[in-house]
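A look at the structure
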Protein chains: 2
Amino acid sequence: MVTSLDPYTAKAENNDLTPQQKIEGLHEIVQSVKTGMLTTRSADGHLHSRAMMPSAPFSGTQLVLAFVANNASHKFEEIDNDSHVNVSFFNTDTTSWASYSGRAKVSRDKETIAKHWSTGLSAYFGDLEDGVHKGDENDPRISIIEVIPEEIRYWVATKGSVGRAIETAVSAVTKNCAAPGELRTISKAEIQLTQRLQSTS
Amino acid sequence: MVTSLDPYTAKAENNDLTPQQKIEGLHEIVQSVKTGMLTTRSADGHLHSRAMMPSAPFSGTQLVLAFVANNASHKFEEIDNDSHVNVSFFNTDTTSWASYSGRAKVSRDKETIAKHWSTGLSAYFGDLEDGVHKGDENDPRISIIEVIPEEIRYWVATKGSVGRAIETAVSAVTKNCAAPGELRTISKAEIQLTQRLQSTS
């Protein structure tokens, strides 16, 4: 069995949590880091990433990420070419991280934009003084990139930095495997469960 | 021109630096964050990422990243399927980030492993007590993933958090565009230049 060759991953996996508990652990990481790295794929196969801050606030069961973005930027060409994207969050202080694997859906719908727009965002667009590109919520450059996840994996540090160092050191001595945290997966079925909570029938 | 529709990116771009200066700025980010998110692509097109710490130390002009990894893990199947990968680094404190877009090359070469191996890594492999998988540098699970970049982009915060907030607020008022940092690109040609510095003819 392949898993037995990777005791680090096997030991870190925690499958004894409810979907709600796993979502709470995920949201703690995202909210502590605030900004994720959105990875997209260009037509020649290259993967590019850049920092993006998801629009807030999160509802308690929300797993879809939404980003307000300028559709003149390259990432839109890449999403048009291949809608598979990844959004990762890494916390420098705790070393906790999260990976959202999913599909990007671009929306220019007025209601969707209004839902995610905040005036502070104007600074990222600028007023081009042509009467059209004003950097307000009616600016035609504004689009929403929704990332609909198909699988989310995250690793949450369960010990502080001293505890992590000790566990690693002890493991090296005892020849056991270090796992100073937990690896958790929110499956496609669990994600679909949360989407049903948010849709009208 | 598309660029003029994206004044944030245009203002943030800094092309007035030598390759060496750009590499130094990049290394500061990588060394402050220590751990990157490696994104790979599965056969069904999904992009997955996970935290990986590149092997140290960096030489002054080094742009290739090397990771010691367990070849029983899923990322190897993904790299076999598509060698295009991304490695991103995000600094929670400064919001600086870096994106390495490149190809992964897997090596099981003894000399390459010895170059990157350190005893502390044993804890991540564990001794399976079969006399073969001992978690030492001869363990057949150990592989090196080298990421050969084709383009590196990074954003470095040039103002502290207070300065960033002020610039954003002032820009919102004056309707100019906020750029509290610099966006820098290390091109394919510049990367090749550094590779020639490290190869014998």
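What you see is a predicted model, and the numbers here were worked out from it, not measured in a lab.

Moving on: empty space enclosed by the protein. Per the counting criterion, the structure on display carries one cavity of 30 Å³ or more. Elements supplying a minimum of two residues to the lining of the largest cavity: strand 1 (36-41) and strand 4 (84-90) of chain A together with strand 4 (84-90) of chain B. In the lining of the largest cavity, the residues fall into seven nonpolar, four polar and no charged.

On to the interface of chain A and chain B, then. Accessible area lost when the parts come together is the quantity often used to give the size of an interface. Listed per partner, the contact involves 54 residues of chain A and 54 residues of chain B. Overall, the association of chain A and chain B removes approximately 4400 Å² of surface from exposure, summing both partners, and the carbon and sulfur fraction of that is 59%. At the boundary of chain A and chain B, one finds zero salt bridges. Our count for the contact surface shared by chain A and chain B stands at 15 residue pairs in polar contact (both at pLDDT 80 or more). Residues that form the side of chain A that touches chain B fall into these classes: 20 nonpolar, 23 polar and 11 charged.

Along the polypeptide, B:A189 turns up in helix 7 (residues 188-197). On the basis of relative accessible area, B:A189 is assigned to the exposed category, the value being 53%.

This next bit is on the pairing of strand 3 (residues 65-70) of chain B. Where a strand is regular, its side chains alternate between the two sheet faces. Residues and elements named next belong to chain B. Of all the six residues making up strand 3, six are buried; the element is thus mostly covered by neighbouring parts of the structure. As paired strands, strand 3 and strand 6 (residues 142-157) are joined by six bridges and run antiparallel to one another. Each residue of the ladder has a partner; that of A66, found in strand 6, is E146.

Its rotation angle being 180°, the transformation that places chain A on chain B also includes 0.0 Å of axial translation and leaves an RMSD of 0.0 Å. In symmetry terms, the pair is related by a two-fold rotation axis. The rotation axis passes nearest to the C-alpha of A:T92 in chain A, at a distance of 2.8 Å. Mapped onto chain B, 100% of the interface residues of chain A are again interface residues, and the two copies thus contact each other with one and the same surface.

Moving on to the environment of B:Q198. Residues and elements named next belong to chain B. Topologically, Q198 is positioned in the segment after helix 7. Measuring from C-alpha to C-alpha, the distance between Q198 and W155 comes to 26 Å, with 43 residues separating the pair along the chain. When sequence neighbours within four positions are dropped, the list of residues in contact with Q198 reads S59, T61 and Q62.

The rules we used
- Residues numbered from 1 in each chain as written.
- Chains lettered and ligands numbered in written order.
- Predicted model: local features only at pLDDT ≥ 70, side-chain atom pairs only at ≥ 80, totals over all residues.
- Heavy atoms only, no water.
- 1 Å grid on protein atoms, 1.4 Å probe; cavity = no way out; pocket = protein on both sides within 12 Å on 5 of 7 lines; lining within 4 Å.
- Points joined across faces, edges and corners; volume = space filled by probe spheres on them.
- Helix = DSSP H or I, 4+ residues; strand = E, 2+ residues; numbered from the N terminus.
- Nonpolar A, V, L, I, M, F, W, Y, C, P; charged D, E, K, R; others polar.
- Contact = heavy atoms within 4.5 Å.
- Buried area = accessible area lost by both parts, 1.4 Å probe.
- Salt bridge = Lys/Arg side-chain N within 4 Å of Asp/Glu carboxyl O.
- Polar contact = N/O pair within 3.5 Å; in protein donor to acceptor, adjacent residues only side chain to side chain.
- Buried < 20%, exposed > 50% of the residue type's maximum accessible area, 1.4 Å probe, protein only.
- Pairing = 2+ DSSP bridges.
- Least-squares fit on C-alpha atoms with pLDDT ≥ 70 in both.

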